[in-house]
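Residue-level listing of the chains:
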Amino acid sequence: MKLFQEVGTRSRPPRREAPSTGVGTAFGTFGELLQGVLPEEDGDFLVTLPVARWTMAAFRQGSVSGELEVRPAHKTKALQLARMIADLAPGEAGRPPGGVLTLSSVIPEGKGLASSSADLVATARAVGRALGVPMPPARIERLLARIEPTDGVLYPAIVAYHHRSVRLRAVLGSLPAMAVVGVDEGGSVDTVDFNRIPKPFTAADRYAYAGLLGRLTDAVRGHDLAEVGRIATRSALMNQSLRHKRSLEPMRAICREVGGLGVAVGHSGTTLGILLDATDPAYTRRVTAAAEACGELAGGVSVYRTLSFGNVPVPPGVP
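The model shown is predicted, which means the values in this text are computed figures rather than measured ones. (Residues numbered from 1 in each chain as written. Predicted model: local features only at pLDDT ≥ 70, side-chain atom pairs only at ≥ 80, totals over all residues. Heavy atoms only, no water.)

Let us now look at the overall build of the protein chain. Scanning the protein chain for helices and strands turns up nine helices and 10 strands. Long-range pairs, those at least 24 residues apart, make up 76% of the contacts in the protein chain with a sequence separation of at least 6. Here the protein chain displays about 14700 Å² of accessible surface, and carbon together with sulfur accounts for 53% of that area. (Helix = DSSP H or I, 4+ residues; strand = E, 2+ residues; numbered from the N terminus. Contact = heavy atoms within 4.5 Å. Areas by Shrake-Rupley, 256 points an atom, 1.4 Å probe, with all protein chains shown as cover.)

Another point: the nonpolar core. In this structure, Leu 33, Leu 34 and Val 47 are the most contacted members of the largest nonpolar core, which totals 79 residues. It is helix 3 (residues 115-131) that provides the largest number of residues to this core, a total of nine residues. With sequence-adjacent residues up to four places away left out, Leu 33 is seen in contact with Val 47, Thr 48, Leu 49, Ile 158, Leu 216, Val 228, Ile 231, Ala 232, Ser 235 and Leu 275. Counting residues in each nonpolar core, the second largest holds 20 residues, with Ala 179, Ala 236, Val 258 and Ala 278 among its members. (Core = buried A, V, L, I, M, F, W, Y, C linked by side-chain atoms within 4.5 Å. Buried < 20%, exposed > 50% of the residue type's maximum accessible area, 1.4 Å probe, protein only.)

With their axes 11 Å apart at the nearest point, helix 7 (residues 225-238) and helix 8 (residues 248-258) run at an angle of 165° to one another. As judged from the angle between their axes, helix 7 and helix 8 are roughly antiparallel. For the element pair helix 7 and helix 8, the recorded crossing hand is left-handed. In this structure, helix 7 uses Thr 233, Ala 236 and Leu 237 to contact helix 8, whose residues at the interface are Leu 248, Glu 249 and Arg 252. Looking at the contact of helix 7 with helix 8 residue by residue, the classes come out as three nonpolar, one polar and two charged. (Axes fitted to C-alpha atoms, helices over the stretch in contact; angles between N-to-C directions. Parallel < 35°, antiparallel > 145°, perpendicular 65-115°, else oblique. Left-handed = near helix turned anticlockwise from the far one by under 90°. Nonpolar A, V, L, I, M, F, W, Y, C, P; charged D, E, K, R; others polar.)

What follows is about the pairing of strand 3 (residues 68-71). Of the two faces of strand 3, only one is covered, namely that formed by Leu 68 and Val 70; the face formed by Glu 69 and Arg 71 stays uncovered. Here strand 3 pairs with strand 4 (residues 99-105) via four bridges, running parallel. Across the sheet, the residue bridging to Glu 69 is Val 100, located in strand 4. (Pairing = 2+ DSSP bridges.)

On to helix 6 (residues 203-221). With 19 residues, helix 6 should reach 27 Å at 1.5 Å per residue; the first-to-last C-alpha distance of 28 Å fits that figure. Turning to helix 6, its buried residues number three or more, namely Tyr 209, Leu 212, Leu 213, Leu 216, Thr 217, Ala 219 and Val 220. What you see down the axis of helix 6 is that its buried residues fit within an arc of 165°, all on one side. The exposed residues of helix 6 that point more than 90 degrees off its buried face are Ala 203, Ala 204, Tyr 207, Asp 218 and Arg 221. Among the structural elements, strand 1 (21-37), strand 2 (44-61), strand 5 (158-162), strand 6 (167-173) and helix 7 are those in contact with the buried residues of helix 6. Once helix 6 finishes, His 223 follows within two positions and takes phi at roughly 55°, a positive value. (Expected span 1.5 Å × (residues − 1). Arc of directions from axis to C-beta.)

Below, the discussion takes up the pattern of salt bridges. If you walk through the whole model with that rule in mind, you get 14 salt bridges. Linking Asp 44 and Arg 164 is a salt bridge whose minimum nitrogen-to-oxygen distance equals 3.8 Å. Of the two residues, Asp 44 is situated in strand 2 and Arg 164 in the loop between strand 5 and strand 6; the sequence distance between them amounts to 120 residues. By relative accessible area, which is 33% here, Arg 164 ends up partly exposed. Across the salt bridge formed by Glu 249 and Arg 252, the nearest N and O atoms sit 3.2 Å from each other. You can see Glu 249 and its partner Arg 252 sitting in helix 8, three residues apart, about one turn around the helix. (Salt bridge = Lys/Arg side-chain N within 4 Å of Asp/Glu carboxyl O.)

Quick look at helix 7 now. For an α-helix the count is 3.6 residues per turn, leaving residues at separations of three or four pointing the same way. An ideal rise of 1.5 Å per residue puts 20 Å on 14 residues; helix 7 measures up with 20 Å between its terminal C-alpha atoms. Of all 14 residues in helix 7, 10 are buried; the element is thus mostly enclosed. The complete set of buried residues in helix 7 reads Leu 225, Glu 227, Val 228, Gly 229, Ile 231, Ala 232, Thr 233, Ser 235, Ala 236 and Met 238. Tucked inside the fold, the buried residues of helix 7 contact strand 1, strand 7 (178-184), helix 6, helix 8, strand 8 (262-265) and strand 9 (271-277).

This part covers the confidence of the model for the protein chain. On average, residues of the protein chain score 90 in pLDDT, and 89% of them are at 70 or above. Predicted confidence for residues 1-16 stays below pLDDT 50, and this span has four contacts to residues more than four positions away or in other chains. Every residue in residues 313-319 scores below 50 in pLDDT, and together they form eight contacts with partners more than four places removed in sequence or on other chains. (pLDDT = per-residue confidence, 0-100.)

Structural data, given as C-alpha cells:
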C-alpha cells in the first residue's frame, strides 16, 4: 500500500500541448471606387472595391529555430504583426516555442490591389485563432496602424475608410455583381512611400471629394451602377495630378465603345480597369470586346469579379 501511495503521488512532468494551428483569409480590391481628401482633419480616405482575389495565411505553433518565421521570407510586415499578436497571447506555459506563418496569395503586389492589407488581415486572423487571441476589427486596426497605411479589407462590404489613420468611416453596403477588365501599366508602388507624398488638392478639390463621397454613398445604397461608374471615372481623373496614368484616356475610350460603366484605378498603384455590369444580358459580348481592346492597348489583361456581400450587417457603433 505504501508503494502504491508513493507511485500515485509522484510528480509528473508538465504536459506539453499539441501545436495549435490557425487559418485566415482576406480579399483584395481593384484599386478604389473613390480616393481623395475631405475638408476635415485626417481627411484622407478611400472607398473600397472588393474583388474575388484572396490571400490565405496559415500559422502553426512551433518551429525548428524556436522563433517566429514567415514564408515567403520577404513578408516582413506580416512577421512583425505575428510577433505583436504573440505578445498578446495568454500564458505561454506548455506551448511549443516559435511558430511558422505561411502566406499564399493570388493578389499581385505593388499594383494598388490591397495585397499588403490582405496579407496583414489574413495574418491577424490566422495567428489570433492559433494563439487564442480574439481579433475583432477594432483590435486589428489598432495593430495595423502601428505598421502601415491600410485598406478596409477587413470589412465584408464596400466601405469608406481612412487608410492613413486605419479607421472605418462608414459601411456603404454591397452592389450587384460587376466585372473589371483590368490592365497593368507596369512597375510597382510602395504604399508607405506613396502616402508620404503631399497631396496637391485645393480646398475646392476637398469639397468636391466630399460631394463625390455623398453621391457614391447614395449610389451604393441604391444599387445605381451607372452612377458608381461615373464617380469612379471622376476620381481617376482627379488622381492624375498625384499619380498619372498614361492609359486612362484610351481606357475611357474603350469603356465608351463597349458600353462600360466607367473606369476604376489603383490610385496608389499601376492598374486601370473598365467596370461592367455582370447582370447585363449583353455582358458576355461587352467583356469580350473590352478584353480584346485592352489587350491591344497594354498587353496582359485580367478580368476580376467583384464581391457581392448581400445584406451587409453594420457593426455596432458604425455610422
